[in-house]
Amino acid sequence: GDSVTQMEGPVTLSEEAFLTINCTYTATGYPSLFWYVQYPGEGLQLLLKATKADDKGSNKGFEATYRKETTSFHLEKGSVQVSDSAVYFCALKDPSAGNQFYFGTGTSLTVIP
Amino acid sequence: GAVVSQHPSWVICKSGTSVKIECRSLDFQATTMFWYRQFPKQSLMLMATSNEGSKATYEQGVEKDKFLINHASLTLSTLTVTSAHPEDSSFYICSATREDSEQYFGPGTRLTVT
């Protein structure tokens, strides 16, 4: 079945450091891929998405490229800020699985000044 | 656009009582609503999927008689935790989809059962 494997955290970085959070997936069909962010005490917010192979999603300085050959969708940001501290979830939606979402376990990021 | 609200944002109840959580799509009609449960430092666990006017579809292992879901309209779904116990304490998140199939999440409801 479908699944998402995400880099375990927690991750602690200094401000302006480079961020990579790895995400790989398994899907029976041709999924869309997402990164969601959850700030403390809040629900999930869509950060970026990509709907087909080689698409690059980007938002707020974050980027992720849909790599079908490696079944990956790694999240990157060139220079993190304290305000980026949150939990990041990788997710997929597989049309062949009734459009159900599958989430990774989440990666907690703390950025220190 | 595409705002989903939940009410209440947090609730404390005594063991044995029932609690109702509302999920509303404020500016769109939701074809489908989902209910998730999130334990501390863990991912979201899908509990059930509901479509307006029909019975909810529960995931394996989720007690349908304990977690009652009603989807009365295209903008409102409710989750009632019946006879709550401390182990039901959790963060409950709903989401709603519209025609573009994008999933929009509510801010969550923290339930504490004492």
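Look up a bit, the structure's there.
Residues numbered from 1 in each chain as written. Chains lettered and ligands numbered in written order. Predicted model: local features only at pLDDT ≥ 70, side-chain atom pairs only at ≥ 80, totals over all residues. Heavy atoms only, no water.

Turning our eyes to something else, we now look at the overall build of chain A. Each helix and strand in chain A was counted, giving 0 helices and 12 strands. The order of α-helices and β-strands along chain A, N terminus first, is β-β-β-β-β-β-β-β-β-β-β-β. Since a compact globule built from 113 residues should have a radius of gyration of about 13 Å, the 14 Å found for chain A is in line with a globular shape. When each of the 113 residues of chain A is scored for burial, the buried share is 42%. In chain A, the proportion of contacts linking residues at least 24 apart, taken out of those at least 6 apart, comes to 57%. Total accessible area on chain A is roughly 5300 Å²; 49% of this is exposed by carbon and sulfur atoms. Here chain A carries 8 positive and 12 negative side-chain charges, and the mean point of each set is 8 Å from the other. (Helix = DSSP H or I, 4+ residues; strand = E, 2+ residues; numbered from the N terminus. Rg over C-alpha atoms; globule rule 2.2 N^0.38 Å. Buried < 20%, exposed > 50% of the residue type's maximum accessible area, 1.4 Å probe, protein only. Contact = heavy atoms within 4.5 Å. Areas by Shrake-Rupley, 256 points an atom, 1.4 Å probe, with all protein chains shown as cover. Lys, Arg positive; Asp, Glu negative; His and termini not counted. Charge placed at Lys NZ, Arg CZ, Asp CG, Glu CD.)

Before going further, it helps to spend a moment on the state of the cysteines. A complete count under the given rule lists 2 disulfides over all chains for this structure. Each sulfur in the disulfide pair Cys23(A) and Cys90(A) lies 1.9 Å from the other. The disulfide joining Cys23(A) to Cys90(A) has a torsion of about -70 degrees about its S-S bond and is therefore left-handed. With Cys23(A) in strand 4 (residues 23-26) and Cys90(A) in strand 10 (residues 86-94), the pair connects residues that are 67 residues apart, well separated along the chain. Of the two residues, Cys23(A) and Cys90(A), neither departs from the other in class, the shared state being buried. Free cysteine Cys13(B): the closest other cysteine sulfur is in Cys94(B), separated by 18 Å. (Disulfide = S-S within 2.5 Å.)

Before going further, it helps to spend a moment on the sheet that holds strand 3 (residues 19-21) of chain A. Residues and elements named next belong to chain A. Here we have 4 strands laid out as an open sheet, ordered 3-9-8-7, and antiparallel in their pairing. Looking at the sheet topology across the chains shown, the edges are occupied by strand 3 and strand 7 (56-59). Taking each pair of neighbouring strands and ignoring which way they run, the sheet shows an average axis angle of 15 degrees. For strand 7 and strand 8 (residues 62-65), the ladder comprises 4 bridges, and the chain directions are antiparallel. Residue pairing for strand 8: Gly57 is matched across the bridge by Ala64. (Pairing = 2+ DSSP bridges. Axes fitted to C-alpha atoms, helices over the stretch in contact; angles between N-to-C directions.)

Right, let's talk about the packing of aromatic side chains for a bit. Two numbers describe a pair of aromatic rings. These are the distance of the centres and the angle of the planes. All names here are of chain A. As enumerated under the stated definition, the model contains 14 aromatic pairs over all chains in all. Between Tyr36 and Phe103, the aromatic rings sit 5.9 Å apart at their centres with planes inclined by 50 degrees, giving tilted as the arrangement. In this pair, Tyr36 sits in strand 5 (residues 32-38) while Phe103 sits in strand 11 (residues 100-103), placing the two residues 67 residues apart along the sequence. Residue Tyr36 shares its accessibility class with Phe103, and that shared class is buried. (Phe/Tyr/Trp six-rings, centres within 6.5 Å; stacked < 30°, edge-to-face > 60°.)

In short, shape yes, function no, at least from these values alone.
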